[in-house]
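Residues per chain are reported as follows:
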Amino acid sequence: MEDKILVTRSSMPDMDEYMDEIRSIWDLRWLTNMGPKHEEFKKELTKYLGVDNVELLVNGHLALEMTMQAMGLKGDVITTPFTFVSTTHAIVRCGLRPVFCDIDPWDYTINADKLESVLTKDTCAVMPVHVYGNICNIEAIDDFAKKHGLKVIYDAAHTFGETYKGKGIGSFGDASCFSFHATKVFHTIEGGCVCYRDDSLKDALYAVKDFGFSDPEDAGYIGGNAKMNEFCAAMGLCNLRHVDDDIAKRRVVYERYNERLDGIKGIGLNDPQADVKSNYAYYPVVFDPGIFGADRDTVLEKLNENGIMARRYFYPATNAMSCYKGMFDPDETPVAKMMSERVLTLPIYPDLDTVTVDRICDVIIGLSKE
Ligand SMILES: *Cc1c(COP(=O)(O)O)cnc(C)c1O
């Protein structure tokens with residue numbers, strides 16, 4: 001049996017490149033707490049992302065939590081259930097109440113036309129998610145937030161390296177949170193960051209990720225611990241040099257899938273968005289069982305039998321997770337529910353070769369009615 005094809009595979013710099021990068025950590029013995037690698041990575045990242053302000057964090061999940069805490073949010077947060085469960089958990093763990101808005105079936109992001117209908121008197125913020133690298137309806141969300149005096153925090157975990165109308169995707173809204181987890185387009189092993197607009201957030205963010213210390217001895221905030229260490233920052237410095245090459249290689253894989261799967265009845269592909277420079281992070285495919293001839297779970301089973309580990313990502317929708325049983329009603333977001341039952345993300349990573357992509361497509365096409 002050949003090796004399994006996983007849905008993603010972490011990019012690695014040359015080992016020598018990483019060794020060179022971490023050598024100075026041995027000399028200095030400064031392992032964490034905002035050392036020189038942390039500072040250098042933060043500077044390089046700010047440039048790469050084309051944003052004003054960046055704070056580095058230990059992971060993307062805590063970037064979401066720490067941002068909400070630093071903003072001092074209270075009340076309801078409008079968000080979407082078609083996301084990784086982290087988005088919803090972060091809101092709940094901050095003592096806020098998620099209010100779910102349904103998604104747009106074309107790009108899987110929050111349906112901006114429905115925002116008004118879920119507004120409550122306690123709404124303090126919107127947390128939309130750029131799903132699979134598709135960006136939200138930024139203009140409409142902005143207008144809605146301005147009209148009602150709400151903060152906008154994007155979960156931008158899927159959109160590293162993207163631009164919208166030539167501007168870094170992290171420069172929209174009040175803040176955007178990225179994940180640098182090993183499975184993402186760009187990684188620092190574990191890691192994340194928040195890009196934010198208002199300079200006055202700087203001190204609060206810096207403090208809450210370090211136990212709330214506002215001066216060397218006194219804690220001005222009830223903070224946690226979410227600092228990025230020097231080894232992760234060094235991995236980030238290495239991977240940042242290669243991320244554009246990786247994205248270019250992902251594009252080749254993405255386009256091969258398009259060539260093979262486009263036009264097959266009952267298969268919905270992800271349409272490119274106008275004005276967006278994509279990172280080709282995921283390859284979602286939607287199966288309409290009546291037309292295609294097999295449902296999503298049958299396709300997944302067949303792929304798994306062939307050693308291809310596609311994923312039901314995102315299934316179930318977060319408002320249908322068992323920890324939220326009785327709290328939310330998944331039927332209130334019918335599009336999210338339907339997409340979560342129909343979508344499959346296919347393997348995509350920079351060194352996935354065309355022969356393997358063709359083999360994956362052959363298995364899928366073999367199940368089609370035609
Ligand atoms: C990966 C991811 C997160 C969490 O990031 P971590 O770095 O794994 O903590 C949050 N939201 C979305 C949409 C993600 O894909």
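Below, the discussion takes up the site of the ligand. Around the ligand, 15 residues are found, and the nearest of them are G60, H61, D155, S179 and K184. Within the backbone of H61, an N or O atom sits 2.8 Å from an oxygen atom of the ligand. Contact distances for the ligand include 2.7 Å between an oxygen atom and a side-chain N or O atom of S179. Its free accessible area being 380 Å², the ligand has 92% of it covered by the protein chains. Because more than half of its atoms lie within 2 Å of the grid, the ligand is assigned to the largest pocket. Among the secondary structure elements, those contributing two or more residues to the shell around the ligand are α3 (60-71) and α4 (85-93). Here the shell around the ligand is composed, by residue class, of three nonpolar, ten polar and two charged.

Looking now at helix α11 (residues 334-342). Along α11, the residues classified as buried are V335, A336, M339 and S340. Buried residues of α11 fall within an arc of 130° about the axis and therefore sit on the same side. Where α11 is buried, its residues contact β13 (283-287), α10 (296-305) and β15 (343-346).

A few words now on the sheet that holds strand β7 (residues 163-164). Pairing is antiparallel in the open sheet, where three strands are placed in the order β8-β7-β12. Of all strands in the sheet, those with a lone pairing partner are β8 (167-168) and β12 (276-277), marking the two edges. Here two bridges tie β7 to β12, and the two strands are oriented antiparallel to one another. Paired with Y164 across the two strands is V276, which belongs to β12.

In this structure, F41, L45, F82, Y257, L261, L303 and I364 are the most contacted members of the largest nonpolar core, which totals 86 residues. Excluding residues within four positions of it along the chain, I364 makes contact with L261, I267, F287, F292, V299, L303 and L346.

A separate point is the pattern of salt bridges. The final tally for this structure, using the stated rule, is 25 salt bridges. The salt bridge partner of R9 is D351, with a shortest N-O separation of 3.1 Å. A residue pair is termed long-range when its members are at least 10 positions apart, and R9 in the loop between β1 (5-6) and α1 (15-28) and D351 in the loop between β15 and α12 (354-365) qualify at 342 residues. Take D351: its relative accessible area is 51%, and that puts it in the exposed class.

The subject of this paragraph is the layout of surface pockets. Space inside the largest pocket adds up to approximately 700 Å³. Forming the walls of the largest pocket are 36 residues, and the residues nearest its centre are F84, T183, K184, Y282 and Y313. Of all the secondary-structure elements, those providing two or more residues to the lining of the largest pocket are α3, α4, β9 (175-179) and β15. Of the residues that constitute the lining of the largest pocket, the class distribution is 19 nonpolar, eleven polar and six charged.

This part is about empty space enclosed by the protein. Evaluated as defined, the whole model comprises one cavity of 30 Å³ or more. Lining the largest cavity, in full, are A157, H158, T159, F160, K184, V185, N279, A281 and Y282. Considering only residue class, the lining of the largest cavity consists of five nonpolar, three polar and one charged.

Turning our eyes to something else, we now look at the packing of aromatic side chains. In this structure the tally under the stated criterion is 25 aromatic pairs. Look at W26 and F231: their rings are 5.8 Å apart centre to centre, the planes differ by 85°, and that puts the pair in the edge-to-face class. Placement of the pair is W26 in helix α1 and F231 in helix α8 (residues 230-261), with a sequence separation of 205 residues. Judged by centre distance (6.0 Å) and plane angle (55°), the rings of Y132 and Y282 are tilted. Linking Y132 in the loop between β5 (123-127) and α6 (138-148) with Y282 in the loop between β12 and β13, this pair joins segments that are 150 residues apart in sequence. Residue Y282 is classed as buried on the basis of its relative accessible area, which comes to 13%. Site record: aromatic cluster; members linked through ring pairs are F82, F84, Y108, Y132, Y282, Y313 and F314. Positioned above the aromatic ring of Y315 is the side chain of R296, whose terminal nitrogen or guanidinium carbon lies 5.0 Å from the ring centre.

In this section: the side chain of E55. Within the secondary structure, E55 is located in strand β2 (residues 53-57). Here the side chain of E55 touches K209 through a polar contact of 2.9 Å, side chain to side chain. Ignoring anything within four residues of it in the chain, the contact list for E55 reads H38, K42, G192, C193, V194, Y196, L205, Y206 and K209.

With that out of the way, let us pick up the pairing of β9. Most of β9 sits out of view: five of its five residues are buried. Across the two faces of β9 the burial is the same, with A175, C177 and S179 and S176 and F178 all buried. By the bridge criterion, three bridges tie strand β6 (residues 151-155) to β9 in an arrangement that is parallel. Paired with Y154 across the two strands is S176, which belongs to β9. Alignment of β9 against strand β10 (residues 192-196), held across five bridges, turns out to be antiparallel. Paired with C177 across the bridge in β10 is V194.

Procedures and definitions
Residues numbered from 1 in each chain as written. Predicted model: local features only at pLDDT ≥ 70, side-chain atom pairs only at ≥ 80, totals over all residues. Heavy atoms only, no water. Near = heavy atom within 4 Å. Polar contact = N/O pair within 3.5 Å; in protein donor to acceptor, adjacent residues only side chain to side chain. Areas by Shrake-Rupley, 256 points an atom, 1.4 Å probe, with all protein chains shown as cover. 1 Å grid on protein atoms, 1.4 Å probe; cavity = no way out; pocket = protein on both sides within 12 Å on 5 of 7 lines; lining within 4 Å. Sits in = over half its atoms within 2 Å of the grid points. Helix = DSSP H or I, 4+ residues; strand = E, 2+ residues; numbered from the N terminus. Nonpolar A, V, L, I, M, F, W, Y, C, P; charged D, E, K, R; others polar. Buried < 20%, exposed > 50% of the residue type's maximum accessible area, 1.4 Å probe, protein only. Arc of directions from axis to C-beta. Contact = heavy atoms within 4.5 Å. Pairing = 2+ DSSP bridges. Core = buried A, V, L, I, M, F, W, Y, C linked by side-chain atoms within 4.5 Å. Salt bridge = Lys/Arg side-chain N within 4 Å of Asp/Glu carboxyl O. Points joined across faces, edges and corners; volume = space filled by probe spheres on them. Phe/Tyr/Trp six-rings, centres within 6.5 Å; stacked < 30°, edge-to-face > 60°. Lys NZ or Arg CZ within 6 Å of the ring centre and 35° of its normal.

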